[in-house]
Amino acid sequence: MKKLLYILLLLPALTNAQRYTRAEIKHAADSLLRTFVREDMFVRCQSDLDNESRIAYSYTNKKRKICYGDIPEQANNRTKGRFNGTTIRYSMIYPCPKCAICDVVKGRIYISLTRWLDMGKAPDISFIPDYVWENDTCRPVTPLSLK
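Conventions and cut-offs
- Residues numbered from 1 in each chain as written.
- Predicted model: local features only at pLDDT ≥ 70, side-chain atom pairs only at ≥ 80, totals over all residues.
- Heavy atoms only, no water.
- Helix = DSSP H or I, 4+ residues; strand = E, 2+ residues; numbered from the N terminus.
- Buried < 20%, exposed > 50% of the residue type's maximum accessible area, 1.4 Å probe, protein only.
- Contact = heavy atoms within 4.5 Å.
- Areas by Shrake-Rupley, 256 points an atom, 1.4 Å probe, with all protein chains shown as cover.
- Expected span 1.5 Å × (residues − 1).
- Phe/Tyr/Trp six-rings, centres within 6.5 Å; stacked < 30°, edge-to-face > 60°.
- Core = buried A, V, L, I, M, F, W, Y, C linked by side-chain atoms within 4.5 Å.
- Disulfide = S-S within 2.5 Å.
- Salt bridge = Lys/Arg side-chain N within 4 Å of Asp/Glu carboxyl O.

## Some thoughts on the overall build of the protein
Assigned secondary structure in the protein consists of four helices and five strands. Mapped from its N terminus to its C terminus, the protein presents α and β elements in the order α-α-α-β-β-β-β-β-α. Scored against the burial criterion, the 147 residues of the protein give a buried share of 33%. Of the contacts formed within the protein by residues at least 6 apart in sequence, a portion of 60% connects residues at least 24 apart. When the accessible surface of the protein is totalled, it reaches about 10500 Å², and 56% of it is carbon and sulfur.

## Description of unusual backbone geometry
One non-glycine residue, R64, lies in positive phi territory at about 60°. Mapped onto the elements of the fold, R64 is located in the loop between β2 (56-60) and β3 (66-70). Taking the relative accessible area as the measure of exposure, R64 reaches 75% and is therefore exposed. At N135, a position not held by glycine, the phi torsion is positive, near 55°. Within the secondary structure layout, N135 lies in the segment after α4 (130-133).

## Focus on helix α2 (residues 22-34)
Relative to the 18 Å expected for 13 residues at 1.5 Å per residue, α2 spans 18 Å between its end C-alpha atoms, a close match to the ideal helical length. Turning to α2, its buried residues are R22, I25, A28, A29, D30, L32 and L33. In this structure, the buried residues of α2 make contact with α3 (39-42), β1 (45-47), β4 (82-95) and β5 (104-113).

## Focus: the packing of aromatic side chains
All told, the structure shown has three aromatic pairs when counted by the stated rule. Seen in terms of ring centroids, Y57 and F83 are 5.6 Å apart; in terms of plane orientation they differ by 20°. Their pairing is stacked. Residue Y57 is located in strand β2, and its partner F83 is located in strand β4; the two are separated by 26 residues in the primary sequence. Residue classification places Y57 among the buried positions, given a relative accessible area of 2%. Every member of this aromatic cluster is reached through a ring pair, and the members are Y20, Y57, Y59 and F83.

## Remarks on the nonpolar core
Within soluble globular proteins, side chains that are nonpolar tend to cluster in buried spots. I25, I88 and I109 are the most contacted members of the largest nonpolar core, which has 33 residues in total. Of all the secondary-structure elements, those providing two or more residues to this core are α2, α3, β2, β4, β5 and α4. In contact with I109, other than residues within four places in its own chain, are L33, V37, C45, I88, R89, Y90, M92, P123, I125 and F127.

## Considering the state of the cysteines
As enumerated under the stated definition, the model contains zero disulfides in all. Summary of cysteine pairing: C102 is not part of a disulfide, and the nearest cysteine sulfur, belonging to C99, is at 5.7 Å. Exposure remark for C102: the relative accessible area of 29% places this residue in the partly exposed category.

## A few points about the pattern of salt bridges
In the structure shown here, the tally under the stated rule is seven salt bridges. Linking R89 and D48 is a salt bridge whose minimum nitrogen-to-oxygen distance equals 3.1 Å. Taken together, the positions of R89 in strand β4 and D48 in the loop between β1 and β2 put the pair 41 residues apart, joining distant regions of the chain. Judged by its relative accessible area of 27%, R89 falls in the partly exposed class. For R54, the salt bridge is made with D70, and the minimal N-O distance between the two is 2.5 Å. Within this pair, whereas R54 is found in the loop between β1 and β2, its partner D70 is found in strand β3, the two being separated by 16 residues in sequence. Three or more residues joined by partner-sharing salt bridges are found here, namely K26, D30 and D50.

Rendered as C-alpha cells:
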C-alpha cells in the first residue's frame, strides 16, 4: 500500500520530466554562452529567444517517435513530449573603438542544447579576433611590396 502511495505522489513529477519553458531554455543557453565569452561581449549578444522568433526543437512523443515543434512563446507553456534538444542562435555586434580598420566585430554564435539543457557541442567563436580578446588595438597587416 505504501508503494502505491509513493507512486501516486511521484506521478506529477514524472509527467513533467524534460518539459521546459522558454525562460528555462534561455537561462541555460545564456549561462553556457557566458562561459565562452566575456561579460562585455555577452551584453552585446542578442538571442533569438529575446525577439520571440520561432525556434525549433526536437522531442519524443508517447509513441517514441521523434517529432519537431516550436519553443512556446507564452511564459507558462512548456515544450511537448520528451525534450531531445535545440540550437539557439545569438547575434553578436561588438564595437572595437581602438581599431580604426575594423571598428565592429559581427558574428553569430550557435549554442546547442541537449535534452538535459547541457551543451551539445562547443560553439564556434573563431570570428572574434585576438585583439578583441586581448583588449588591444589592432595591428594592420602591411602587404609585401612586389619588386
